[in-house]
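For reference, the chains in residue letters:
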Amino acid sequence: MSERENILGRIREALKVSAPLPGTHGEPVATHTVAESPTSHAREWLPLVGPSVEAQFDLFARNCADLKAGFQLLANRDELKATLAKIATAEKWSRIASHDGELSHFASQSLGLPVLLTDKGYDVQALEKCDAAITECDALIAQTGGVVVTSRSTGGRALTILPPHHVVVARREQLVADLPAAFALLQKKYAPDYPSMISFITGPSRTGDIERILVLGAHGPKKLTILCF
Amino acid sequence: MTVTLFIPCFVDALFPRAGISMVEVLERLGHKVICPEEIACCGQPPFNSGYWDEARTIAAPIVEKLHDAEVVVIGSGSCGAMIKKFYLELFAGTRHEAMAKQLSERTWEFSEFLVRKLGVTDLGAKFPHKITYHDGCHGLRELNIKLSPRALLGKVAGLELVEMKEDVCCGFGGTFAAKFPMISTAMGEVKIGNAVETGAEYIVSGDSSCLMHIQGLLSRQGKPLKTIHLAEVLNQR
Amino acid sequence: MSTFVSDFKERAAEKTGDLRLRQFIRTALRGYEVSRDKRKGAFQSWESARQAAAETKWEAINHLDTHLESLVAKLEARGTKVHWASNAQQAREIILKIVTDKKARSIIKSKAMTSEEIHLNHALEEKGFTVIESDLGEFIVQLRHEAPYHIVFPSMHLTRDEIRDLFQKELGDAPSNSPEDLTMVARRVMRQKYIQADIGFTGGNFAIAETGMISITENEGNARLTAALPKTMITLMGIEKVLPRFSDLALFLPMLATAGAGQPMTCYNTMYSGPRQAGEADGPEEWHVVLLDNRRTELLADAEQRDSLSCIRCGACLNVCPIFRNVGGHTYGTTYSGPVGSVITPHLRGLQDWKHLSNASSLCGACTEACPVKIDLHHHLLQNRRNASASQPSFFERLAYKLFGIVANEPRFWWLAKKIGWLTQPLQHAIKSSALDPAKAWTKTRDLPPQPRESFKDWWRNRK
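Report on the accompanying structure.

Definitions and cut-offs
Residues numbered from 1 in each chain as written. Chains lettered and ligands numbered in written order. Predicted model: local features only at pLDDT ≥ 70, side-chain atom pairs only at ≥ 80, totals over all residues. Axes fitted to C-alpha atoms, helices over the stretch in contact; angles between N-to-C directions. Helix = DSSP H or I, 4+ residues; strand = E, 2+ residues; numbered from the N terminus. Parallel < 35°, antiparallel > 145°, perpendicular 65-115°, else oblique. Contact = placed C-beta atoms within 7 Å. Nonpolar A, V, L, I, M, F, W, Y, C, P; charged D, E, K, R; others polar. Expected span 1.5 Å × (residues − 1). Buried ≥ 20, exposed ≤ 12 C-beta atoms within 10 Å, placed from the backbone. Arc of directions from axis to C-beta. Pairing = 2+ DSSP bridges.

This next bit is on the packing of helix α1 (residues 3-14) of chain A against helix α4 (residues 64-77) of chain C. At their nearest, the axes of α1(A) and α4(C) sit 9 Å apart, and the two run at 150 degrees to each other. Considering the angle they form, α1(A) stands roughly antiparallel to α4(C). Facing α1(A), whose interface residues are L8(A), I11(A) and R12(A), α4(C) presents L64(C), D65(C) and L68(C).

Looking now at the interface of chain B and chain C. If you look at the interface, chain B gives 51 residues, while chain C gives 50 residues. Secondary structure elements with two or more residues in the side of chain B that touches chain C: α1 (9-13), α2 (16-28), α3 (44-48), α4 (52-66), α8 (137-142), α10 (176-179), α11 (181-198) and α12 (208-220) of chain B. Considering only residue class, the side of chain B that touches chain C consists of 31 nonpolar, 12 polar and eight charged.

Here we take up helix α1 (residues 3-16) of chain C. Taking 1.5 Å per residue, 14 residues should reach 20 Å; α1(C) reaches 20 Å between its end C-alpha atoms and fits that length. Taken together, the buried positions of α1(C) are occupied by F8(C), A12(C), K15(C) and T16(C). Seen end-on, α1(C) carries its buried residues on one side only, within an arc spanning 85 degrees. Every exposed residue of α1(C) that faces more than 90 degrees away from the buried side is listed here: T3(C) and S6(C). Packing partners of the buried residues in α1(C) comprise α11 of chain B together with α2 (19-42), α15 (322-327) and α17 (351-359) of chain C.

Attention now goes to the pairing of strand β9 (residues 268-272) of chain C. Where a strand is regular, its side chains alternate between the two sheet faces. The element β9(C) is largely enclosed, with a buried count of five among its five residues. The side-chain alternation of β9(C) yields two buried faces, one formed by Y268(C), T270(C) and Y272(C) and the other by N269(C) and M271(C). Inspection of the sheet shows strand β9 (residues 197-201) of chain A paired to β9(C) by five bridges, in the antiparallel sense. Bridging across to β9(C), I198(A) finds its partner in M271(C). Where strand β6 (residues 213-218) of chain C lies against β9(C), five bridges are found, and the strand directions are antiparallel. Pairing of T217(C) across the sheet is with N269(C), part of β9(C).

Before going further, it helps to spend a moment on the interface of chain A and chain C. Taken residue by residue, the interface counts 70 residues in chain A and 87 residues in chain C. Secondary structure elements with two or more residues in the side of chain A that touches chain C: α1, α2 (42-45), α6 (124-128), α7 (179-190), β9 and β10 (206-207) of chain A. Residues belonging to the side of chain A that touches chain C are distributed by class as follows: 33 nonpolar, 24 polar and 13 charged.

These figures come from the coordinates and say nothing about function on their own.
Given below as structure tokens:
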């Protein structure tokens, strides 16, 4: 018998005795079927998000500030271009990385710098030498100040984690209210053929492993900037 | 009402003042207090050590004797939790199961009995001291006792309550205190550190067992803080 | 006394004597508590969220076979190689075979308590492979050749000065003792290691049965890099990590962050559903997922304590535990320390050898109150005590309780016991805390209360 069958056999044997329900302090149940998913009401328990788009952007901005992520709500593409140029100058970018995509293409090309595109394969050492990554995203989440990226929509796995500054360019309509909405969006967009990596990024890379003092840029980007128009 | 008062073993032997205060407080409220002499201990020491047969030997006569009482009042959150909660497990599937359930429903911890059953908070007590309150963990987490002692203390004339910064165990834990004295002592030191920080003169608690441990440490370390059972505070005129 | 319990007591005595360390740990965990309470307060209903999380894990664990089959079918359909390991040795052999077949030299790891559980690093290093822990805290304890102090904060027992000295000695690079500078040293050291590593090794926080994904939670980005750059990825995970649905993560991710570290969300929550897929830019060519039993099925068979398999390893119970706070993580001598470790270790490694961990508790219940999935932790400690005493009672302890029962049930004996106690008080006082004192365990650090001549029952009788 394979180990798989051994383990599954032990599991089935063990489950012949039913276990007490959680929160009942030991009262056993004969059978228990879960009528609906216990998490289907998660929205009612998670941190509150206002109904209006303005309130949601306001919350997103406050969360970004708490997370030490940069966030700017811009009027149009011209402002996006100007803001990017300002950051590039201030940080003395000499090369950047990006991926295929209408918005990421516009943003990365606007700087006139050499751009490494990761989509069709790339040299890791070259990506490591880039000053910044400019990517799109699948969603912004008001509730958490987070950004959703995937291996399919944002240039693979390394682009959004290896360069020291990750700049996300997004459109206003990409903001979703909360985590349940983000998961629903991913399900609608991809199921059943999900990208091999989906990442919820909430603020720049951080650690508190030395005396629990917050340090940004432990391994991933030291900076995360979200530019939305 | 006829109140059957359950006096825990260490209250009987070591802290009779706490028991006497409970009798006097209850009688002053016009209740008839009875106190079955043949009951010495709830059986928690063997139960907590894993010796459930031995615990049942002690607890079974109690269940038989008290399950018909009008109300059982007990001046300890820990022994209260034993009777109200753990007897149900101890006697599950035995002939005492139904009696244990009835006893559980009729048993009240002292402060809860006053506040929730009788609806009394003002006992006319006077205790002009700064105090802090220690929640025994069994009372706090098994029986959810938090508000009742404070409601009662709030009505004591001259008393000032200063809360400690954290709800942390004092480290007594029954036989744990003797089996792992170094850990128990370390926990107790944290507790008295928190209590000293409040600037209180007294640590008040509804559990004499916690106070025995806390007082033992205070006394050994020569700290001026004193300990006193809630019932004794409520009985001060 | 078994060596396990005497070792435990020895270490506990040593650690509780270290007042500086105790204060240091306490301050750190108080800081955690403050931020956790703030994040809990942001939930509209933390209690409802806990109940739902507990029910979701109940559903997952009580239908573990079907969920695992679904998980594995989905993973395999997208090219992931799934391995099953009944015990630690099988898991090590599977992993060793993969790295040997790949002719790997260096392996970069992100944090995985399961790898501590099967002593993987030792097995790999013994065969000549280079293993690098990439999580900063894990990297620090690896340099010190010690086990993680805490399942979430591995190096929380070390001061910045100690870490500076360590980096100076081991890496020859420590510009100052500032956490920022020291973190940047580790970042620099690690960067090239990622690029050179042949194998990326990770653990897993949640496995989604519905979609065939493994979700990894981390703050630093080291797991993201581990899963992005090396050509081969290996994930080792306990079989109990399943969640039924993708959308369950919408609740579990913020709860894990809140309970575990007082954060609203951990920085990176990443769901992997396969190796690099057609059309994708990068990622490992091969992904091996190793599912580990290692006596989890024995825990599953104990219906009473089955809920301890719901554990999401957030560490909340450790953080609030007054025992953990005073003795620290290394005292336990187990992979999983703190309350949950004391509950499950007797199941995973033998009840009689590890029952002392269940005794080393005041049963205060702070752990149960803190647990985001409502594991009945402190009651399980009681059940372990019961099971241990039932299967192998201590002769003297049982005798003592039998005698105590006789005394407690007979008022005359009880009266006599009190009288003897009162009469022998002066003697007890004379030998207090000496080797002769039968109550030495108490009196070494604490005074006994003076026993009054008149007990309550004396008073009651006289009054009548």
